[in-house]
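# Overview (structure and organization)
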Amino acid sequence: MASRIRAGVLAALAITVLGVPIGLLWVALAPRTTYQMAGGKALLADPETQTLIAADGWFAVVTAAMGLLCGVAAYVLAGRLGELGLLVGTAVGAVAAAVVAWRLGHFFGLGAYHHALRAGADGTLVRAPLALHALGVVLAWPLTAAVVFGLLEALDVAGREKRRRLAAGDPGRGGAGQPYQVGGGQFDLEATPTGRDVDRRES
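Residues numbered from 1 in each chain as written. Predicted model: local features only at pLDDT ≥ 70, side-chain atom pairs only at ≥ 80, totals over all residues. Heavy atoms only, no water.

## Some thoughts on the overall build of the protein chain
Summing up its helical and strand segments, the protein chain has 7 helices and 5 strands in all. Traced from its N-terminal end to its C-terminal end, the protein chain shows the element sequence α-α-β-β-α-α-α-β-α-β-β-α. Burial status across the protein chain gives 27% buried among its 203 residues. The long-range fraction of contacts in the protein chain, counting pairs at least 24 apart against all pairs at least 6 apart in sequence, stands at 78%. For the protein chain, the accessible surface area stands at approximately 12900 Å², while carbon and sulfur atoms represent 65% of it. (Helix = DSSP H or I, 4+ residues; strand = E, 2+ residues; numbered from the N terminus. Buried < 20%, exposed > 50% of the residue type's maximum accessible area, 1.4 Å probe, protein only. Contact = heavy atoms within 4.5 Å. Areas by Shrake-Rupley, 256 points an atom, 1.4 Å probe, with all protein chains shown as cover.)

Written as structure tokens, this is what we have:
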């Protein structure tokens, strides 16, 4: 039990650290929304912009990709380190890493944005830092990791069950058996001589 807990804690810490490069990757890929100063307020420069949705989408994409990798890695290591500890540690670490990536990505450009809001004249264009508007995407990382781990484990269990049946001589198909078997039992091909009637021979 202690080794499983230790494995889970180490997995959670290792995955949490991954939130830093994922946050930086989000900053590099996602577009930032442009605002225009008007009357001391920041208004969307383009009311029909899709950058707000794109920021959420890119966050979901990069974190789901990491969830896929984390789920595969946890499954590979589960055989030696214990399944339950790694699964829980992976889920906890993925949540923490997603929050780290979110807050780190939002931090970039935040100071310049606030300075522009304070000093910008009307008509000044300012770029806002990245932000999440659908907070549910924070769960993309842990959910993807858990689903991938579960699918791989289910496939492994099904494969072991199939190999066990084959090793026991059960092909896993219904029916009477091989052509020389009747009802699953051995058929005696010499019980009746070929071309003769038993009653007529005895008479």
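## Some remarks on the pairing of strand 2 (residues 41–44)
Pairing geometry for strand 1 (residues 34–38) and strand 2, over 4 bridges, is antiparallel. What sits directly across from Tyr35, in strand 2, is Leu44. In textbook terms, the turn of a hairpin is the stretch between consecutive antiparallel strands, and for strand 1 and strand 2 this stretch comprises 2 residues, one of which, Gly39, has a positive phi near 65°. (Pairing = 2+ DSSP bridges.)

## With respect to the confidence of the model for the protein chain
Looking at the protein chain, the pLDDT average stands at 81 and 80% of residues meet or exceed 70. Overall, residues 180–184 carries pLDDT values under 50, and its contacts beyond four positions in sequence, including any with other chains, amount to 8 contacts. A low-confidence stretch, residues 196–203 stays under pLDDT 50, and its non-local contacts, those more than four residues away or across chains, total 3 contacts. (pLDDT = per-residue confidence, 0-100.)

## As for the environment of Phe59
Along the polypeptide, Phe59 turns up in helix 3 (residues 51–81). As for Phe59 and Ala101, which are separated by 42 residues in sequence, their C-alpha atoms are 8.7 Å apart. Here Phe59 is in contact with Trp26, Ala98, Ala101, Trp102, Leu132, Val137 and Val138, once residues within four sequence places are set aside.

## With respect to the sheet that holds strand 1
Taken in spatial order, the 3 strands of this open sheet run 2-1-3, and their pairing is antiparallel. Of all strands in the sheet, those with a lone pairing partner are strand 2 and strand 3 (125–127), marking the two edges. Direction aside, the axes of adjacent strands within the sheet are offset by 45° on average. (Axes fitted to C-alpha atoms, helices over the stretch in contact; angles between N-to-C directions.)

## Some remarks on helix 2 (residues 19–29)
Inspection of helix 2 places Gly19, Ile22, Gly23 and Trp26 among the buried residues, and these make up the whole buried set. When helix 2 is viewed along its axis, its buried side chains cluster within an angular range of 105° and face the same direction. (Arc of directions from axis to C-beta.)

## Let's talk about the nonpolar core
Among the nonpolar cores identified, the biggest contains 20 residues, and Ile15, Ile22, Trp26, Phe59, Trp102, Leu132 and Trp141 are the most heavily contacted of them. Breaking this core down by element, the ones donating at least two residues are helix 2, helix 3, helix 4 (83–107) and helix 6 (140–167). (Core = buried A, V, L, I, M, F, W, Y, C linked by side-chain atoms within 4.5 Å.)

## What about the packing of helix 1 (residues 2–17) against helix 2?
At a closest axis distance of 4 Å, the pairing of helix 1 and helix 2 adopts a crossing angle of 25°. In terms of their interaxial angle, helix 1 and helix 2 are classed as roughly parallel. The segment helix 1 lies against helix 2, with Ile15, Thr16 and Val17 engaging Gly19, Val20 and Pro21. (Parallel < 35°, antiparallel > 145°, perpendicular 65-115°, else oblique.)

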